[in-house]
Amino acid sequence: AEAEGGGGHGRGRAGRRLPPHSPAGLMLQTVEMHTGGEPLRIIPRLEAAEEAVAARGLSLLSLRREVAATQDHVRRALMHEPRGHAGMYGAVVVRGGAAAAGADLAALFLHGAGYSAMCGHAVMALGRFALDYGLVAAPSCPETAVHLHCPCGPVTAFVPWDGHRSGNPVRFHSVPAYAAATDVAIDVPGHGKVMIDVGYGGTFYAFLSAEQLGLDVCSSKTRDLVNAASMVTEAVKQQFKLHHPVSEDLAFLYGTILTDGKDAFSEEPTTNICVFADEQVDRSPTGSGVTARIALQYHKGLIQLNQTRTFRSSTTGSLFTGKAVKATRFGDYNAVIVEVSGEAYYTGTATFTVEEEDSLKYGFFFR
């Protein structure tokens, strides 16, 4: 379960262990999962990352920069084609002494364009993974708290455990989430002025109803929704300055979430689509997006503490639930801790190899 060099000779039909790989090439073992349809390719161990922490005592945010600078070929090899695809998502597990004090594991989040600060669907999957792969010292029945350190801060997943195997649903408690701005007028080319909210749920998103862009989040073509959301993201980046109370490394807009406009509390699900990074589409309702959207609804007085809302992905129809469970402060902001719940499933394991002679060995990416 590590990224390493090695030879390809062994036993098999022709006297080799398949697949062969170059002596200097990577061999990457992964655990494959999905949460609400959104994939998670887990790298259980990346020695270079753990060595960097051990040698220099890097924080997780610093490690994120280090891995981006020195190990980005791993991300590209696993996220991009031919091993991945335009919607692939991944996580590097950092464990043992390299994880933050008090955490069962730390995680770096990978996607097609780079590295995120928070990922709710990954946290739910990693909660199960941590239990099933023995990363939690003393799991308890019927539910175990799994403490994770994410680049945005500590989060806790609560995972069903029967003594042998993890189960569903998995829920997690977020870092403090808050409304960064509400009712901001943004000029979007081709659409004119629209009103957006900006919410933080471990990373920042812009929110608006698809109707403002002449679209329907439930029935419009995904390509049209993606194009419009991407234009909003670029416009917000140019016209609105983000601030994070703790680290300017986290003060970036991750994407735009188009909604059906149903923000007031209801027992009925509300539908949204999240377009993040470089026009990547979340197949799930988006864990950090649900966190931010709940924080905005709470800020506007549209929901109360412990009122559970259901969120539907417009791409797969999968469901997450979310609720604000505690009011708190985060810097100068009134914030909430949000609980998000969903279902994460294993889809397999894989061994990926890199042959040095391959001109496309670290993948390619196009639309």
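Residues numbered from 1 in each chain as written. Predicted model: local features only at pLDDT ≥ 70, side-chain atom pairs only at ≥ 80, totals over all residues. Heavy atoms only, no water.

(A) The arrangement of the overall build of the chain in detail. If you tally the helices and strands in the chain, you get six helices and 18 strands. Against the compact-globule benchmark of 21 Å for 367 residues, the chain has a radius of gyration of 20 Å, which places it among compact chains. Along the first, second and third principal axes, the C-alpha atoms of the chain reach 65 × 50 × 40 Å. Burial statistics for the chain: of 367 residues in total, 53% are counted as buried. (Helix = DSSP H or I, 4+ residues; strand = E, 2+ residues; numbered from the N terminus. Rg over C-alpha atoms; globule rule 2.2 N^0.38 Å. Buried < 20%, exposed > 50% of the residue type's maximum accessible area, 1.4 Å probe, protein only.)

(B) Focus on unusual backbone geometry. Following E81, the chain continues into P82 via a peptide bond in cis, with omega recorded as 5°. A cis amide bond links N168 to the next residue, P169, at an omega of -5°. Along the chain, P169 falls in the loop between β7 (153-160) and β8 (170-173). Within the chain, A277 stands out as a residue other than glycine whose phi angle is a positive 50°. Mapped onto the fold, A277 is located in the loop between β13 (270-276) and β14 (280-281). Judged by relative accessible area, which is 28%, A277 ranks as partly exposed.

(C) Structural view of the side chain of R41. Relative to the assigned elements, R41 resides in strand β2 (residues 38-43). You can call R41 buried: its relative accessible area is 6%. Polar contacts involving the side chain of R41 include one to the side chain of E32, which spans 2.9 Å. Here the side chain of R41 touches L78 through a polar contact of 2.8 Å, landing on its backbone oxygen. (Polar contact = N/O pair within 3.5 Å; in protein donor to acceptor, adjacent residues only side chain to side chain.)

(D) Focus on the domain arrangement of the chain. Split into domains, the chain comes out as domain 1 (26-169 + 346-352) and domain 2 (175-341). Inter-centroid distance (C-alpha atoms) of domain 1 to domain 2 is 24 Å. Opposite the 26 residues of domain 1 that make contact, domain 2 presents 25 residues. Linking domain 1 with domain 2 are one salt bridge, by the criterion used here. One salt bridge connects R65 with D249, and the closest N-O pair in it is separated by 2.1 Å. Going through the elements one at a time, α2 (60-70), α4 (120-132) and β7 are the ones with two or more residues in the side of domain 1 that touches domain 2. A class-by-class count of the residues in the side of domain 1 that touches domain 2 yields 13 nonpolar, 10 polar and three charged. (Domains from an automatic or database assignment. Contact = heavy atoms within 4.5 Å. Salt bridge = Lys/Arg side-chain N within 4 Å of Asp/Glu carboxyl O. Nonpolar A, V, L, I, M, F, W, Y, C, P; charged D, E, K, R; others polar.)

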